[in-house]
Amino acid sequence: MNDAPDTTNEAALVKAEIFRLVERYAHLAHAPKPFNPASSPVPVNGKVYGAAEMVSLVDSALEFWLTTGRFNDEFEARLAQVTGGRYVLTTNSGSSANLLAISALTSHLLENPLAPGDEVITCATGFPTTINPILQNNLVPVFVDVQFPTYNIQAELIEAAITPRTRAIALAHTLGNPFDLGAVMAVAAKHNLKVMEDCCDALGATYNGTKVGNFGDIATLSFYPAHHITTGEGGAVFMRDSLLKRATESIRDWGRDCYCAPGFDNTCKKRFGWQLGGLPFGYDHKFTYSHLGYNLKMTDMQAAIGVAQLDRLEGFIAARKHNFAALQQGLARFAEHLILPEATPNADPSWFGFPLTVRPAAPFSRDALVAHLHKARIATRYLFGGNLIHQPYMAGRNFRVSGATPNADLVMTNSFWVGVYPALGAEHIAYMLESFESFFRAL
Ligand SMILES: Cc1ncc(COP(=O)(O)O)c(C=O)c1O
């Protein structure tokens, strides 16, 4: 007989009180500040959150499961609905998601996995960790030039980049604008290439009405605060193929052959009944490793934030599209000097930012315009790493460039982007447009 007093009810009451206080605290300490044109910054991106996220985070903290658990189960299930992915596996960052996606394509579980020395076609401009997993897996990135004004790969140049070693295409949907999936998937089908879609900046974007990430073999998301939804650090991989799912999960979880969730045993019902590798029969499946693995799992605290963020996703996407359209309309009259962004044909982007390129013939430099905006506290970003082949870490690496990359060089010297994220309202956009206007007036 257990004499310990039952504290369940009291604990539930304390928890409710804590949630009430967290909500109050969120309203007092984390409420968005009103815009003041004389002093407010205009960031490119940032986390947009409130009491719901903080309560959910505290809920998971009080539960103290800590590692991947019930919040993560819910987050993965809801991400599957949101992305259309059959399988969704969370991870600790978008960079890890890309590492897992490319590593999974090398798995022995696949019929024809990528092997060291195989070539993977990618775009010369972008974020480094879209392409780093190619190098990390001893594959060879092959860079193809970018296109204006979509900032995606020039799809018609892909065919010329293909050699007998070409096995895959790995591309990001730049700043939320889908790359030309029609052309890329056609060339992939023709040459039997795997396709990895980096959707880290493009949650909610569609092509021909289908959500990005559902065209290629495997796709990724990031939940870093700059992205459409945040979990602090975080990411996810999604796919249709069950073998790719198994490979991704194994590589994420130490490389283990076992697929029990944390805290559970014997899901396969033969934990001590396997014969694998050179191990003796019955060696504990929980400690049997069939891939060269990592530990890249997401914690339940991160997932708890993600679950609450998903409730806001539709509104976030709509706000990003709205801000993009307002900037596009307002900046159209400067098109003589600025290349304005355009959606890829047949695509409905879920914009991450508003990219601009100062035309080479313009009577001012990108850096002068950016400095003017910074003086007005309007943040800008270059297009990530610019032409990645010129980044210091690429020196001496095993990569190939197909043709010349003049557009990527122009992106490096003349392009930048400003924010469209949901915390920016009509006042911010009007202020941004006024600041552009004052720059052009003074020319
Ligand atoms: C296109 C793209 N891929 C991958 C990443 C990496 O994501 P994370 O910062 O979560 O590692 C980023 C980062 O912002 C990105 O923009």
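All residue numbers refer to position in the chain's written sequence, counted from 1. Restriction of local features to residues with pLDDT of at least 70 applies here, the model being predicted, together with a cutoff of 80 or more for giving and counting side-chain atom pairs; totals for whole chains, interfaces and linings are based on all residues. Side-chain metrics rest on all non-hydrogen atoms present in the structure, leaving aside hydrogens and water.

Caption draft 1: How the structure looks around the overall build of the protein. Counting its secondary structure elements, the protein contains 13 helices and 14 strands. Radius of gyration (C-alpha) of the protein: 24 Å, near the 22 Å computed for a compact globule of 443 residues. Expressed along its principal axes, the backbone C-alpha trace of the protein runs to roughly 85 × 60 × 40 Å. Classification of residues uses two cut-offs on accessible area relative to the type maximum, computed with a 1.4 Å probe and protein chains only: under 20% is buried, over 50% is exposed, and between them is partly exposed. Within the protein, the fraction of its 443 residues that count as buried is 52%. In the protein, once contacts between residues fewer than 6 apart in sequence are set aside, the share between residues at least 24 apart is 74%. Carbon and sulfur atoms make up 57% of the accessible area of the protein, which totals about 19700 Å². Comment: elements are numbered from the N terminus, with helices defined as DSSP H or I runs of at least four residues and strands as E runs of at least two. Throughout, radius of gyration means the C-alpha value; the globule benchmark is 2.2 Å times the number of residues raised to the power 0.38. We call two residues in contact when some of their heavy atoms are within 4.5 Å. Computed by Shrake-Rupley with a 1.4 Å probe, the accessible areas treat only the displayed protein chains as cover when residues are assessed.

Caption draft 2: Summary view of the sheet that holds strand β7 (residues 210–211). Strand pairing is defined by DSSP finding a minimum of two bridges between the two strands. The strand order across the open sheet formed by three strands is β7-β6-β11, and the pairing between neighbours is antiparallel. Here the strands that pair on one side only, and so sit at the sheet edges, are β7 and β11 (347–348). Across two bridges, the pairing between strand β6 (residues 206–207) and β11 is antiparallel. Looking at the pairing, tyrosine 207 lines up with alanine 347 of β11.

Caption draft 3: Highlighting helix α5 (residues 128–136). With respect to burial, α5 is a largely interior element, seven of its nine residues being buried. Within the span of α5, buried status applies to Thr129, Thr130, Ile131, Asn132, Pro133, Ile134 and Leu135. Tucked inside the fold, the buried residues of α5 contact α4 (94–104), β2 (119–123), β3 (140–144), β4 (166–172) and β5 (194–198). Where α5 ends, the next residue or the one after it, asparagine 138, has phi of about 60 degrees, a positive value.

Caption draft 4: Representation of the site of the ligand in the model. Throughout, the term near means that a residue has one or more heavy atoms lying within 4 Å of the molecule or strand in question. Taken together, 16 residues surround the ligand, and among them Gly94, Ser95, Asp198, Ser222 and His227 come closest. Any pair of nitrogen or oxygen atoms within 3.5 Å is treated as a polar contact; in protein, a donor-acceptor pairing is required on top of that, and neighbouring residues in sequence qualify only through side-chain atoms on both sides. Contact between the ligand and glycine 94: an oxygen atom at 2.7 Å from a main-chain N or O atom of the residue. The separation between an oxygen atom of the ligand and a polar side-chain atom of histidine 227 is 2.9 Å. Those elements giving two or more residues to the shell around the ligand turn out to be α4 and α5. For the shell around the ligand, the element with the most residues is α4, which contributes three residues.

Caption draft 5: Just a nonpolar patch on the surface, in detail. Patch members must show over 30% relative accessible area and no salt bridge, and they are joined within 9 Å when carrying like charges or within 5 Å when they are nonpolar side chains of Val, Leu, Ile, Met, Phe, Trp or Tyr. We count a salt bridge whenever a side-chain nitrogen from Lys or Arg sits within 4 Å of a carboxyl oxygen from Asp or Glu. A grouping of Trp254, Tyr283, Phe287 and Tyr289 is seen on the molecular surface, where their side chains present a nonpolar patch of about 450 Å² in accessible area. Here tryptophan 254 is to be found in the loop between α8 (242–252) and α9 (300–310).

Caption draft 6: The sheet that holds strand β12 (residues 354–358), seen in detail. Strand order in the open sheet formed by three strands is β10-β12-β14, with antiparallel pairing between adjacent strands. Across the chains shown, the open sheet's two edge strands, defined by having one partner strand only, are β10 (338–339) and β14 (415–418). With two bridges connecting them, β10 and β12 associate as antiparallel partners. In the sheet register, leucine 338 faces β12, and the bridge partner there is valine 358.

Caption draft 7: View of helix α10 (residues 313–331). Each residue after the first adds 1.5 Å to the expected span of a helix. Its 19 residues place the ends of α10 27 Å apart at the C-alpha level, agreeing with the 27 Å of an ideal helix rising 1.5 Å per residue. For α10, every residue scored as buried is listed here: Leu313, Phe316, Ile317, Arg320, Asn323, Phe324, Leu327, Gly330 and Leu331. Here the buried residues of α10 occupy an arc of 165 degrees about the axis, which is enough to place them on one side. Projecting away from the buried face of α10 at angles above 90 degrees are the exposed residues Glu314, His322 and Gln329. Here the buried face of α10 lies against α3 (70–83), α9, β12, β14 and α13 (426–441). Think of it as the arc spanned by the lines of direction from the helix axis to the C-beta atoms.

Caption draft 8: Representation of the nonpolar core in the model. Phe75, Ile121, Ile158, Ile169 and Ile218 are the most contacted members of the largest nonpolar core, which totals 84 residues. By residue number, the principal contributor to this core is α4, which donates six residues. Beyond its immediate chain neighbours, meaning those up to four positions away, isoleucine 121 contacts Val142, Val144, Ile153, Ile158, Ala161, Ile162, Thr166, Ala168, Ile169 and Ala170. Put simply, buried Ala, Val, Leu, Ile, Met, Phe, Trp, Tyr and Cys residues joined by side-chain atoms within 4.5 Å make one nonpolar core. Core analysis: the next-biggest nonpolar cluster, separate from the first, contains 31 residues, Phe334, Phe354, Ala376 and Leu424 among them.

Caption draft 9: Highlighting the state of the cysteines. The disulfide criterion used throughout: a pair of cysteine sulfur atoms within 2.5 Å. Applying the stated criterion to the full structure yields zero disulfides. Cysteine 123 carries a free sulfur, and the closest cysteine sulfur to it, the one in cysteine 199, is 15 Å from it. Taking the relative accessible area as the measure of exposure, cysteine 123 reaches 8% and is therefore buried. Sulfur of cysteine 199: no disulfide; nearest cysteine sulfur belongs to cysteine 200 and is 7.6 Å away. A relative accessible area of 1% places cysteine 199 in the buried class.

Caption draft 10: Expanded view of the side chain of histidine 173. With respect to the helices, strands and loops of the structure, histidine 173 is situated in the loop between β4 and α7 (181–191). Looking at histidine 173, its side chain comes within polar contact range of the side chain of glutamate 197, at 2.8 Å.

Caption draft 11: Looking closely at the environment of leucine 203. Among the structural elements, leucine 203 can be located in the loop between β5 and β6. For leucine 203, a relative accessible area of 6% translates into the label buried. In this structure, the C-alpha to C-alpha distance between leucine 203 and glycine 213, residues 10 residues apart in sequence, is 9.0 Å. Excluding its chain neighbours within four sequence positions, the residues that come into contact with leucine 203 are Val82, Thr83, Leu221, His228, Ile229, Leu313, Ile317 and Ser350.

Caption draft 12: Spotlight on the pairing of β5. The buried fraction of β5 amounts to four of the five residues, a majority that puts the element mostly inside the structure. Examined bridge by bridge, β4 and β5 share five bridges and lie parallel to one another. Each bridged residue has a counterpart across the sheet, and for alanine 168 the counterpart in β5 is lysine 194. The handedness of the β4 to β5 crossover, carried by α7, is right-handed. With three bridges connecting them, β5 and strand β8 (residues 218–222) associate as parallel partners. If you follow aspartate 198 over to β8, its bridge partner there is threonine 220. For crossovers, right-handed means that the path from the first strand over the helix to the second runs clockwise, given strands pointing away from the viewer.

Take it as geometry only, folks, not as evidence of what the structure does.
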